[in-house]
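Descriptive analysis of the structure
Listed below are the residues making up each chain.
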Amino acid sequence: MKEILTLEHIQKFYGNEGNITEALRDISFSVCEGEFLGIMGASGSGKTTLLNCISTIDTVSAGHIYLGGKDVTEIREKELARFRRENLGFVFQDFNLLDTLTVSENIALALAVSKTPAHEVEPAVRAMAAKLDISGILDKYPYQISGGQKQRCACARAMINHPKLILADEPTGALDSHSAQMLLSTLESMNREMKATILMVTHDAFSASYAGRILFLRDGEIFAEIVKGKNTRKAFFEKILDVLTMMGGGGSDVRQTDF
Ligand SMILES: Nc1ncnc2c1ncn2[C@@H]1O[C@H](COP(=O)(O)OP(=O)(O)OP(=O)(O)O)[C@@H](O)[C@H]1O
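Okay, so let's go over this structure. (Residues numbered from 1 in each chain as written. Predicted model: local features only at pLDDT ≥ 70, side-chain atom pairs only at ≥ 80, totals over all residues.)

Considerations on the packing of helix α3 (residues 103-113) against helix α5 (residues 147-159)
What counts here: Angles run from 0 to 180 degrees between N-to-C directions of axes, and those axes are lines fitted to C-alpha atoms, restricted for helices to the stretch in contact. Strands here are runs of E lasting at least two residues and helices are runs of H or I lasting at least four, both read from the DSSP assignment and numbered beginning at the N terminus. Any angle that is under 35 degrees is reported as roughly parallel, and any over 145 degrees as roughly antiparallel; angles of 65 to 115 degrees are reported as roughly perpendicular and all others as oblique. Crossings are classed by handedness, with left-handed meaning an anticlockwise turn of the near helix from the far one by less than a right angle and right-handed meaning a clockwise turn. Contact definition: two residues whose C-beta atoms, as placed from backbone geometry, lie within 7 Å. Charged means Asp, Glu, Lys or Arg here, nonpolar means Ala, Val, Leu, Ile, Met, Phe, Trp, Tyr, Cys or Pro, and polar covers whatever is left, Gly included.
Between α3 and α5, the shortest axis-to-axis distance is 7 Å and the interhelical angle comes to 25 degrees. Between α3 and α5, the interaxial angle falls into the category roughly parallel. In this structure, α3 meets α5 at a crossing whose hand is right-handed. Note on element contacts: α5 touches α3 through Cys153, Ala156 and Arg157, opposite Val103, Asn106, Ile107, Leu109 and Ala110. In terms of residue class, the contact of α3 with α5 is built from six nonpolar, one polar and one charged.

Here is the structure:
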């Protein structure tokens with residue numbers, strides 16, 4: 001399968017002489033088109049730093065990151081916003097929907113910013129809404145819809161530009177277990193049915209069990225990697241717990257939930 005994201009020897013230091021934090025030590029890995037990759041690790045292990053470097057919100061201290069063959073570490077500052085808009089989709093913990101816009105307008109915003117011709121916007125929004133089962137609420141405002149519908153709206157907005165990569169940072173962090181499960185099923189169907197490539201950072205072993213492969217970070221390094229393969233989600237979940245135990249615990253949550 002084609003590699004869509006490649007990290008080569010990424011290092012990230014914060015601070016200056018005498019007070020340096022080595023947030024990422026020497027991180028190399030690849031993500032193939034259509035993969036659902038989870039990144040786990042205790043608090044302070046470097047997950048957010050890694051995500052921020054991939055999303056070009058932060059800069060690396062050394063190494064290279066290629067997205068769709070382009071070295072993102074070489075992109076000039078004034079071109080970064082456009083690069084993100086055209087290549088990345090984000091699913092945030094609080095969904096970041098704008099309250100003064102309808103669901104339809106929230107989803108269309110990404111197309112408006114990327115200057116999609118007006119006559120293409122509505123059909124694109126309708127098609128994406130149908131895939132995510134929110135066709136009936138397109139004219140409502142975020143305060144008029146349920147939490148699960150807000151999630152699907154945020155997912156539709158992330159997908160509307162058909163980005164090369166969807167980045168999800170602790171997307172279930174603020175949700176109860178039922179809402180978390182709904183969001184994870186949505187991410188799973190975006191991955192399986194719409195062929196979205198997803199990179200999800202999470203503390204939560206249950207959330208991680210939806211991924212096809214997981215990298216475990218410890219002190220800024222990759223400590224372990226596991227692949228779901230033909231395992232059931234439950235068996236994969238058990239494997240995740242084994243690795244977390246081996247890593248010495250700390251920083252991971254285990255949701256009480258049903259498989
Ligand atoms: N802006 C910053 N300045 C200095 N140190 C930082 C900065 N951001 C992160 N760090 C340090 O880098 C290391 C990695 O932090 P990071 O936020 O990436 O961890 P994390 O795994 O995302 O943690 P959490 O799960 O708590 O969000 C930590 O030691 C942290 O204190």
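Don't stop here, the text continues.
Digging into the environment of Leu50
To keep things clear, this is the line we draw: Three exposure classes are used, all based on how many other C-beta atoms lie within 10 Å of a residue's own C-beta (placed from the backbone): buried at 20 or more, exposed at 12 or fewer, and partly exposed between those limits.
Its location among the elements puts Leu50 in helix α1 (residues 47-54). Residue Leu50 is classed as buried on the basis of its 28 C-beta neighbours within 10 Å. Linking Leu50 and Ala174, residues 124 residues apart in sequence, is a C-alpha distance of 21 Å. Excluding residues within four positions of it along the chain, Leu50 makes contact with Leu24, Ile27 and Ile39.

Re the sheet that holds strand β1 (residues 3-14)
Across a sheet, paired strands are connected by hydrogen bonds in the backbone, their directions being either parallel or antiparallel. Defined as follows: By this definition, two strands are paired if DSSP reports at least two bridges between them.
In spatial order, the strands read β2-β1-β4-β5; together these four strands make up an open sheet with antiparallel pairing. With partners counted over all chains shown, the strands left at the sheet margins are β2 (21-32) and β5 (70-71), one partner each.

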